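# A structural walkthrough
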Amino acid sequence: MTVESVKDGASAAAALREPPVAGGGVPVLGHGLRMARDPLAFMSQLRDHGDVVRLKLGPKTVYAVTTPALTGAVALSPDYIIAGPLWESLEDLLGKEGVATANGALHRRQRRTIQPAFRPDALPAYGSIMAAESHALVERWRSGEVLDITTESFRVAVRIAARCLMRGSYMDARADRICAALATLFSGMYQRMVVPLGPLYKVPIPANREFNRALADLHVLVDEIIADRRASGQKPNDLLTALLEAKDENGDPIGEQEIHDQVIAILTPGSETVGSTIMSLLLVLTEHPEVADKIRDEVKHVAGDRPVAFDDVRRLTYTANVVVETMRLYPAVWILTRRAVTDTELGGYRIPRGADLIYSPYAVQRDRRSYGRNEEFDPDRWLPERAKEVPKYAMSPFSVGNRKCPSDHFSMAELTLITAAVATAYRFAHAPDSDPRPRIGITLRPRRLMLRALPR
Ligand code: HEM
């Protein structure tokens, strides 16, 4: 590329139209109030204003991308990177050297290191842990008991991620400690995101002390796990081994900080997204008992009277479609952000260098222009002959492109197994203090799900 061609590209971008400003803004706050009040409804109506629209969030201009095709274009383009306020607010937790926040050459090297642990051919090695944890979950429950589904869902999500990716008997006890630390951190991060009081979170009041203690615990735990693995001299074929053996671009071992940040940057998003999705799945099983019955029938047909196992997953097609349809209507990752690293073009509009972009998988996946009976829960829309009618990028709960979730197959396998085990063992009904309305935080999930387990 010559200097002239770069200049030509930049001036071509400068000559393009500005995206329209979305309607409904008010002086000073712009669209901020509506976004804060009901972000799901707000994001869902933006496509009526244009394919790309400008939002005023207080003093800041943000570019919202609303069509499936253009969200795919953003995710696939090298003109945008992971950056912006959402990511900066997560740095305390995710570290600065982890794969979820790195960009450029560092990110490419890190993806090369972690990818093998998530490849489809690596999954069978995790199968017995996924199945054992799914069955242990339902075995903990008693008929008639009221279950706090938030705790139950996050616990199994953390245990599966931790035990599969950092294999070893030392993980059994530590998985619960990681879970306790992450539970405090997740709710604290949510608080910090919705009420960004900055330095006030450093004041040593009990809630801040608890948050800091949980963060310190998590760091200590990760250091202990790394030290134990090294001391054991074992090198199972898992993510931790891949990280411990990874080399940087000069062929030298990667630094201790990077190994540490990587473990946290993989465990944290992995547990939060899966935990939230399990909650949404349990909501679906509660509110659509006919769907739960069909899952139970499928499991019976595939596994007979023995407990459902990892090897059954590929034959549990209806159950997998329930998982996909749940992720369509309740995507754990409901909003994504990017920053333009150059003056560029999107859908015929000018996007200036440094612009922050947002788009919402929730809005895209519920859009009536892409889905008939768009708000209806219909797992059969994922039957092969119907699924091909879905527009490209209208269903990307794991995203696409270089930041695509490395764990899509891993997650689908564990979610399908958990759903199969749970729907076979119990029916569910809301307890009086259950509140299934969406809780919009770093991820999307039901607010407070208290379910009574009923005999099948
Ligand atoms: C990235 C969704 C489970 C690890 C992502 C992204 C999405 C996503 C949408 C892309 C973010 C972006 O484009 O900005 C999900 C969903 C899950 C899930 C819906 C389950 C229902 C997991 C699990 C793990 C994991 C189980 C690990 C154990 C990661 C990591 C990244 C990521 C490390 C960052 C990748 C990168 O930036 O290169 N996930 N995820 N995820 N996910 Fe997942």
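These notes cover the structure that comes with them.

Calculation criteria
Residues numbered from 1 in each chain as written. Predicted model: local features only at pLDDT ≥ 70, side-chain atom pairs only at ≥ 80, totals over all residues. Heavy atoms only, no water. Pairing = 2+ DSSP bridges. Helix = DSSP H or I, 4+ residues; strand = E, 2+ residues; numbered from the N terminus. Contact = heavy atoms within 4.5 Å. Near = heavy atom within 4 Å. Polar contact = N/O pair within 3.5 Å; in protein donor to acceptor, adjacent residues only side chain to side chain. 1 Å grid on protein atoms, 1.4 Å probe; cavity = no way out; pocket = protein on both sides within 12 Å on 5 of 7 lines; lining within 4 Å. Sits in = over half its atoms within 2 Å of the grid points. Axes fitted to C-alpha atoms, helices over the stretch in contact; angles between N-to-C directions. Patch = residues over 30% accessible without salt bridge, like charges linked within 9 Å, V, L, I, M, F, W, Y side chains within 5 Å. Areas by Shrake-Rupley, 256 points an atom, 1.4 Å probe, with all protein chains shown as cover. Salt bridge = Lys/Arg side-chain N within 4 Å of Asp/Glu carboxyl O.

Before going further, it helps to examine the pairing of strand β12 (residues 450-455). As paired strands, strand β4 (residues 146-148) and β12 are joined by three bridges and run antiparallel to one another. Residue pairing in the sheet places Leu147 in a bridge with Leu451 of β12.

Our focus in this paragraph is the side chain of Asp367. Within the secondary structure layout, Asp367 lies in the loop between α15 (361-365) and α16 (384-387). Look past the residues within four positions of Asp367 in its chain and what remains in contact with it is Arg47 and Asn374.

The environment of the ligand is formed by 27 residues, the closest being His107, Arg111, Arg338, Arg403 and Cys405. The separation between an oxygen atom of the ligand and a polar side-chain atom of Arg111 is 2.7 Å. In this structure, an oxygen atom belonging to the ligand sits 2.7 Å away from a side-chain N or O atom of Arg338. Judged by the proximity of its atoms to the pocket grid, the ligand belongs to the largest cavity.

Turning to the sheet that holds β12, a few remarks are in order. Here we have three strands laid out as an open sheet, ordered β4-β12-β9, and antiparallel in their pairing. Whereas interior strands pair on both sides, the edge strands pair on one side only; in this sheet they are β4 and β9 (426-430). Averaged over all neighbouring strand pairs, the angle between strand axes comes to 40 degrees, with direction disregarded. Pairing geometry for β9 and β12, over five bridges, is antiparallel. Of the residues in β12, the one forming a bridge with Ala429 is Arg452.

As judged from the six bridges shared by strand β1 (residues 52-57) and strand β2 (residues 60-65), these two strands associate in the antiparallel manner. Within β2, the residue paired with Leu55 across the bridge is Val62. Examined bridge by bridge, β2 and strand β8 (residues 356-359) share three bridges and lie parallel to one another. Directly across from Val62, in β8, lies its bridge partner Asp356.

With that settled, the discussion passes to a nonpolar patch on the surface. On the surface, Val26, Val28, Leu29 and Leu33 cluster together to form a nonpolar patch covering roughly 360 Å² of accessible area. When you line up the elements, Leu29 lands in the loop between α1 (3-15) and α2 (32-37).

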